[in-house]
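What follows is the residue order along each chain.
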Amino acid sequence: MGRSCLIEEDHVASYVKGLIQTRVATEVGILIGRLGVGNRDFIFSLAKTPTAEGDAEDVPTTTGAKGKGKKTSAGATKSLAVDADWMGEHAQQVSRMLPGGIDVVGVYVVASEQNYKSSVVKLTEAIRAVAKSTNDDGQADADDKPLLLHIDPTNSRYSVRHVDIGAKGDGLNPTEYKFGQTMTMFHCLECVYPVDIQTITLEADSSLRSLLSNALLKEIARVRASEVLLDGSLLPEEDLVCNTPAMGAANSPGCVHVDLLTPFEGSNYRGDRLPANGKGQSYKGMCSIQGAVVARAYVHGRESCSRAAAMIKEDICVSLRARLALLSDEADRAEEDAEDAEAGEGAAGGAGGSGHPLAEGVAPPPKPIELKLPKRVLLPWLGQLHVGDYLMPEETPLDAIDRCVELLGLSDPRGADDVVLLETEGTTRGQLGPWKPLAGGKGAEGSRTGKGASSSGGGTTKQAGAGEPKHGGSNCFLYSALAGAGVVGALSVAMGQLMLGES
């Protein structure tokens with residue numbers, strides 16, 4: 001059975017109708033949707049790729065015109081300006097904004113049939129660039145089959161093709177399509193994941209950025225190794241989402257909350273750890289990142305619960321990577337400002353600073369550094385579906401609106417009430433956090449609220465003592481998300497204490 005594609009009728013069709021009514025001759029951008037729900041793919045929305053600074057508008061090339069001052073004929077062939085690298089950058093930025101289960105799935109082009117055929121090679125290059133930029137390893141998977149949507153404004157005709165990334169040539173294969181209501185088929189899942197990543201270095205010339213990157217990779221591995229709970233029970237992996245009553249109805253208001261059972265924060269998942277009691281050595285730098293990740297994923301009712309679990313975990317991982325990238329970008333900007341100040345181009349008195357602690361080449365500061373995660377906000381997008389962005393401490397929700405308008409073509413609401421602030425200072429208040437024993441993994445005093453523990457209750461997180469990175473030696477699974485599975489959490493604590501007592 002061949003593949004088919006369902007296109008969101010309300011959003012895509014109305015958007016294209018607006019382009020035709022305003023006589024837009026050409027436009028290129030990315031497709032947002034979902035691939036591989038059985039043999040069906042989904043297109044939810046089109047997002048025009050912004051024009052790169054300095055790029056000229058497309059110039060029609062008229063065949064058969066002689067001399068100067070000739071007007072472009074109606075049948076002129078227009079060479080489309082398709083910048084594959086720029087479209088890949090656009091796709092990467094947009095993919096960070098999308099919740100779990102929704103991806104950049106290809107490229108679209110609005111152009112006449114002649115202009116489309118003359119630009120097929122450029123378009124397939126752009127599709128491969130988009131596939132590379134949205135994959136974790138920066139490489140396009142040979143098994144990926146993204147979509148190419150062509151819309152002819154002269155006759156309002158659509159054509160959809162799959163692009164076989166691993167095939168020689170253009171790899172284009174025609175695909176059947178139809179319009180319909182796509183968002184009514186999806187369920188929304190939500191999970192809160194508390195983050196407390198701490199890393200140290202024993203070397204004065206180490207880079208805190210690289211250390212945090214390594215610690216983040218271990219945290220991501222920890223998330224991916226976790227189990228997902230629904231109403232205190234493990235998800236029935238082989239069951240379909242639509243056959244799981246606790247999942248609720250598709251397209252229902254609000255989200256279904258799920259929990260995570262995460263592996264214990266032992267040395268397999270955390271950053272560097274000090275020697276026993278820190279004797280004979282002292283750390284040269286310590287840095288921690290704290291906050292909470294509110295993850296969301298949209299799952300089709302005909303998908304398995306195991307895939308639903310993978311999507312909510314992947315949204316946590318993507319969100320963590322995006323936030324560290326924002327912190328790194330902030331460090332790079334601070335470093336550039338410091339260099340400009342030293343050269344006399346910055347503000348008066350701006351030189352002579354110690355530099356951002358995450359800047360490349362900056363020695364770790366002598367005092368522990370605590371960084372806050374950029375906070376995620378949501379903006380209404382399609383029906384019950386929201387799209388997200390991240391706010392740095394100095395930013396406001398209007399900054400998120402501006403980026404969504406530019407990158408997604410989101411209608412500009414210009415109202416603070418339209419922005420959903422998910423991650424406030426009290427996001428984890430009253431929620432059950434992971435149990436952490438004393439540093440060194442000895443003793444039974446470690447509890448959720450005892451010495452050396454971290455508890456999200458009351459909106460505060462208790463810190464380990466100076467020079468004592470949080471770690472332990474148990475690999476049992478511990479409950480670390482929302483309250484709701486108290487029995488499982490209590491059993492996990494008991495198992496952890498038993499294992500520590502035997503070690």
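Parameters and conventions
Chains are numbered independently. Their residues run from 1 in the order of the written sequence. Totals for whole chains, interfaces and linings use every residue, but because this is a predicted model, local features are given only for residues with pLDDT of at least 70 and side-chain atom pairs only at 80 or more, for both listing and counting. By convention in this description, side-chain values take in all heavy atoms of the structure and omit both hydrogens and water. Lines fitted to the C-alpha atoms define the axes, with helices restricted to the stretch that makes contact. Angles between their N-to-C directions range from 0 to 180 degrees. Secondary structure is summarised from DSSP: a helix means a run of H or I of at least four residues, a strand means a run of E of at least two, and numbering begins at the N terminus for each. By convention, the crossing between two helices is left-handed when the near helix turns anticlockwise from the far helix through less than a right angle, and right-handed when the turn is clockwise. Pairs of residues are marked as contacts when any of their non-hydrogen atoms sit within 4.5 Å. Residue classes follow a fixed rule: Ala, Val, Leu, Ile, Met, Phe, Trp, Tyr, Cys and Pro count as nonpolar, while Asp, Glu, Lys and Arg count as charged, and any other residue, Gly among them, counts as polar. Residue-level confidence of the predictor is what pLDDT reports, using numbers from 0 through 100. Disulfide assignment relies on a single distance test, namely cysteine sulfur atoms paired within 2.5 Å. Only protein chains enter the accessibility calculation, which uses a 1.4 Å probe. A residue is then buried if its area is under 20% of the maximum for its type, exposed if over 50%, and partly exposed in between. A pair of strands is considered paired only if DSSP assigns at least 2 bridges between the two. The labels follow the angle: roughly parallel below 35 degrees, roughly antiparallel above 145, roughly perpendicular from 65 to 115, and oblique for the rest. Ring pairs are drawn from Phe, Tyr and Trp, using the six-membered ring of Trp, whenever the two centres fall within 6.5 Å, and their geometry is named by plane angle: stacked under 30 degrees, edge-to-face over 60, tilted for the rest. Helix span, expected: 1.5 Å multiplied by one less than the number of residues in the helix. Comment: arc refers to directions from the helix axis out to C-beta atoms. Each reported salt bridge corresponds to a side-chain nitrogen of Lys or Arg within 4 Å of a carboxyl oxygen of Asp or Glu.

Engineer: Explain the packing of helix H2 (residues 84–97) against helix H4 (residues 120–133) residue by residue, including any values.
Structural biologist: Their axes nearest at 8 Å, the elements H2 and H4 cross at an angle of 35°. The two elements H2 and H4 meet at a crossing, and its hand is right-handed. On H4, the residues that touch Ala84, Met87, Gly88, Ala91 and Gln92 of H2 are Glu125, Ala126, Ala129, Val130 and Ser133. Taken together, the residues that form the contact of H2 with H4 break down as six nonpolar, three polar and one charged.

Engineer: How would you sum up the confidence of the model for the protein chain? Please name residues and give values.
Structural biologist: Model confidence for the protein chain is summarised by a mean pLDDT of 74, while 67% of its residues fall at 70 or above. Across residues 58–75, confidence stays below pLDDT 50; counting only partners more than four residues off in sequence or on other chains, it has 19 contacts. Here residues 429–503 is modelled with pLDDT under 50, and outside its nearest four sequence neighbours on either side it reaches 162 contacts, counting other chains as well.

Engineer: Would you mind going over the state of the cysteines in detail, with residue names and values included?
Structural biologist: In the structure shown here, the tally under the stated rule is one disulfide. Bridging Cys188 to Cys255, the disulfide has an S-S length of 2.1 Å. Between Cys188 and Cys255 the disulfide shows an S-S torsion of about 65°. By sign, it is right-handed. Of this pair, Cys188 sits in strand S10 (residues 186–201) while Cys255 sits in the loop between strand S12 (233–234) and strand S13 (256–257); the two residues are 67 residues apart in sequence, bridging distant segments of the chain. A relative accessible area of 9% places Cys188 in the buried class.

Engineer: Pulling in residues and values, what's your account of the pairing of strand S6 (residues 103–110)?
Structural biologist: Of all eight residues in S6, seven are buried; the element is thus mostly enclosed. Alignment of strand S2 (residues 27–37) against S6, held across seven bridges, turns out to be antiparallel. Residue pairing for S6: Gly29 is matched across the bridge by Tyr108. When S6 meets strand S7 (residues 147–152), the two strands line up parallel, connected through five bridges. Across the sheet, the residue bridging to Val107 is Leu148, located in S7.

Engineer: Describe in detail the packing of H2 against helix H7 (residues 397–408), supporting the description with residues and values.
Structural biologist: How two helices pack is summed up by the angle between their axes together with the distance between the axes. H7 packs onto H2 with a crossing angle of 130° between their chain directions and a minimal axis gap of 10 Å. With respect to each other, H2 and H7 are oriented oblique. Read as a crossing pair, H2 and H7 show a hand that is left-handed. Packed against H2, whose contacting residues are His90, Gln93, Val94 and Met97, the element H7 presents Arg403, Cys404, Leu407 and Leu408 at the interface. Its residues assigned to classes, the contact of H2 with H7 shows five nonpolar, two polar and one charged.

Engineer: Lay out the packing of aromatic side chains in plain terms, naming residues and giving numbers.
Structural biologist: Tallying each qualifying case throughout the model produces six aromatic pairs. Centroid distance Phe42 to Phe44: 6.3 Å. Interplanar angle 40°. Geometry classified as tilted. One exposure class covers both Phe42 and Phe44, and it is buried. Feature note: the residues Phe42, Phe44 and Phe186 constitute an aromatic cluster, connected by ring pairs.

Engineer: Kindly report on the sheet that holds S10, identifying the contributing residues and their values.
Structural biologist: Two modes of strand pairing occur in sheets, parallel and antiparallel, and in both the strands are linked by backbone hydrogen bonds. Strand order in the open sheet made by the four strands is S13-S10-S15-S16, with mixed pairing throughout. Because the sheet does not close on itself, it has two edges, and the strands there are S13 and strand S16 (369–372). With two bridges connecting them, S10 and S13 associate as parallel partners. Counted as the bridge partner of Leu189 is Val256 from S13. Relative to the sheet, helix H5 (residues 208–224) contacts S10, strand S15 (285–300) and S16, its axis offset from that of S10 by approximately 140°. Across the sheet, helix H6 (residues 305–342) lies against S10, S15 and S16, angled at about 140° from S15, the strand it touches most.

Engineer: Give a detailed account of H7, specifying residues and quantitative values.
Structural biologist: Three or four residues apart is the spacing at which side chains of an α-helix point the same way, because the helix has 3.6 residues per turn. Between its first and last C-alpha atoms H7 spans 16 Å; for 12 residues at 1.5 Å apiece the expected length is 16 Å, and the two agree. Buried within H7 are the following residues: Ala400, Ile401, Cys404, Leu407 and Leu408. Seen end-on, H7 carries its buried residues on one side only, within an arc spanning 150°. Close packing links the buried residues of H7 with S2, strand S3 (40–48), H2, strand S17 (375–382) and strand S18 (385–391). In the segment just after H7, Gly409 is the residue with positive phi, at about 70°.

Engineer: Kindly report on H4, identifying the contributing residues and their values.
Structural biologist: With 14 residues, H4 should cover 20 Å at 1.5 Å per step; its first-to-last C-alpha distance of 20 Å lies within 8% of that length. Restricting attention to buried positions, one finds in H4 the residues Val120, Leu123, Thr124, Ala126, Ile127, Arg128, Ala129, Val130, Ala131 and Ser133.

Engineer: Tell me about the pattern of salt bridges, and name the residues and values.
Structural biologist: Tallied over the full model, the rule gives 13 salt bridges. Its salt-bridge partner being Arg209, residue Asp332 comes within 2.7 Å of it at the nearest N-O pair. Linking Asp332 in helix H6 with Arg209 in helix H5, this pair joins segments that are 123 residues apart in sequence. With a relative accessible area of 12%, Arg209 lands in the buried category. Notably, a salt bridge pairs Arg224 with Glu314, separated by 3.2 Å at the nearest N-O pair. With Arg224 in helix H5 and Glu314 in helix H6, this pair connects stretches of sequence that are 90 residues apart. Arg224 sits in the partly exposed class, given a relative accessible area of 40%. Here Glu314 falls in the partly exposed class, since its relative accessible area comes to 26%.

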